[in-house]
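Okay, here's what each chain looks like letter by letter:
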Amino acid sequence: MAMRLSVLLVLTCILVTWPVPADACSCSFGTGDLVTDLREARDGSDAVFLGRVVSVARSGGPLGIFGRGFGEAAFDVIERFKGPVGSKLMLPSGTGAGPCEFPFVPGEEYLVYASEDEGRLVAILCSRTRPISRGDIELDWLRTGRLPPVPVALQRETVQCPTCDLDTVTSTLVGLPPGNACNLGLQDPEAAIALREGRPFWTGGYYNHDNPSRTTAVGLSRELRPFELIQTGPSGTDEKCRKRVSLRWCERLEASSDPQARPELQCVNPGPEQELCDETKSRTAIWEPKERLQAAQCSWFSPDKPHCALQKELQPLAEDAPASPLLRCSPMYWTDTRHRCRVSPGSSAP
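Residues numbered from 1 in each chain as written. Predicted model: local features only at pLDDT ≥ 70, side-chain atom pairs only at ≥ 80, totals over all residues. Heavy atoms only, no water.

Caption draft 1: Spotlight on the overall build of the protein. Counting its secondary structure elements, the protein contains 6 helices and 22 strands. Counting over 350 residues, the protein shows a buried share of 42%. In the protein, once contacts between residues fewer than 6 apart in sequence are set aside, the share between residues at least 24 apart is 61%. Just so you have it, the protein exposes about 18,500 Å², and 53% of that area is on carbon and sulfur atoms. (Helix = DSSP H or I, 4+ residues; strand = E, 2+ residues; numbered from the N terminus. Buried < 20%, exposed > 50% of the residue type's maximum accessible area, 1.4 Å probe, protein only. Contact = heavy atoms within 4.5 Å. Areas by Shrake-Rupley, 256 points an atom, 1.4 Å probe, with all protein chains shown as cover.)

As structure tokens, then:
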């Protein structure tokens, strides 16, 4: 089901820049210490288990911001670690009875940290509940009590490339100044008006859940030629300097005739695809000297793949300080401080 990328990005900006209301989700995002976070998550949960979602039944009730109604996820329990859990159980899913239930997906396996709420188990977004594979080291800790490797130092990757995305490309193609991630061009009703009046414009990107590596946008160029832009990147990653944008000229643009939908413009009879830019071709990356672990503030939702905010200035590691296990961190594409990291048993990056 297609979704407006601009809506997603605006939501992201709201979540980043605005405080969470006290009555929304009662979240605690951890201490930043892996061992403490693991123990507090287990001790603070009424049930912990590994399970596979068999199905998610939707009630057809009011929709949440991502289009989910009330839901119930049916689980086959694979392994129980704590609490009153049988071989099968039901958990709320999506927007459910409150704002914070975890949105489960049929067919996926999850490590679930659940708490009792009004006599039933509930897993919320701010718990350690997450999709998981059988080899995850958090499972080994729950089974044996053996703690995962805790890094003692970090090493960051510095990545650079000329920016290639829908916003920068359309600034030349359409003649509009580049904006930012929270203002991706005209909304659809305005775009339909611009199309009727024959003015250059472009829409925000359309995002498809079935192919998260691909977003598209349409519009009229400076020369009033209808076009479609396609932005791609490796599926499931948010690495910096991995995006590519290509162009297809269209015979025409047509607005959706569905009266229940917001106006959406479609590219009719697109021509061959032309590459406009590719960040991977100009990408340069170096590994900086090892640093003190204190330079990172991490969220350990995965015990070997945390997300970390790094200080802008490097914090050199003393020559005689231990450097293994090492936390290796690569920047995310939308920020200079947030990094996707992983714990390496070795003491150097490749």
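That covers the picture; the talk isn't over yet.
Caption draft 2: The arrangement of the environment of L111 in detail. With respect to the secondary-structure elements, L111 resides in strand 5 (residues 109–117). The class of L111 is buried, set by a relative accessible area of 0%. Taking the C-alpha atoms as reference points, L111 and E138, separated by 27 residues in sequence, lie 9.0 Å from one another. Here L111 is in contact with V48, F49, L50, F81, R128, T129, R130, I132, E138, L139 and L142, once residues within four sequence places are set aside.

Caption draft 3: View of the environment of R42. Assignment of secondary structure puts R42 in helix 2 (residues 34–43). A relative accessible area of 29% means that R42 is categorised as partly exposed. Separated by 40 residues in the primary sequence, R42 and K82 place their C-alpha atoms 8.1 Å from one another. Residues within four places of R42 in sequence aside, it is in contact with K82, Y113, W141 and L142. For R42, the side chain forms a polar contact with the side chain of D43, separated by 3.5 Å. (Polar contact = N/O pair within 3.5 Å; in protein donor to acceptor, adjacent residues only side chain to side chain.)

Caption draft 4: Molecular detail of the pattern of salt bridges. For the coordinates displayed, the defined rule picks out 20 salt bridges. Measuring nitrogen to oxygen at the nearest pair gives 3.1 Å for the salt bridge that ties E275 to R244. With E275 in strand 16 (residues 274–278) and R244 in strand 13 (residues 244–249), the pair connects residues that are 31 residues apart, well separated along the chain. A relative accessible area of 23% places R244 in the partly exposed class. (Salt bridge = Lys/Arg side-chain N within 4 Å of Asp/Glu carboxyl O.)

Caption draft 5: A look at the packing of aromatic side chains. The full count for this structure, using the stated rule, is 5 aromatic pairs. Between F49 and F75 the ring centres are 5.5 Å apart and the planes differ by 90°, which places this aromatic pair in the edge-to-face class. Of this pair, F49 sits in strand 2 (residues 47–58) while F75 sits in strand 3 (residues 70–82), and the two are 26 residues apart along the sequence. Consider the rings of F104 and Y110, whose centres lie 5.0 Å apart with planes at 85°: the pair is edge-to-face. Across the pair, exposure class does not vary: F104 and Y110 are buried alike. Members of the aromatic cluster, joined through ring pairs, are F49, F75, F102, F104 and Y110. One Lys or Arg, R328, reaches over the ring of W287 and ends 5.3 Å from the middle of that ring. (Phe/Tyr/Trp six-rings, centres within 6.5 Å; stacked < 30°, edge-to-face > 60°. Lys NZ or Arg CZ within 6 Å of the ring centre and 35° of its normal.)

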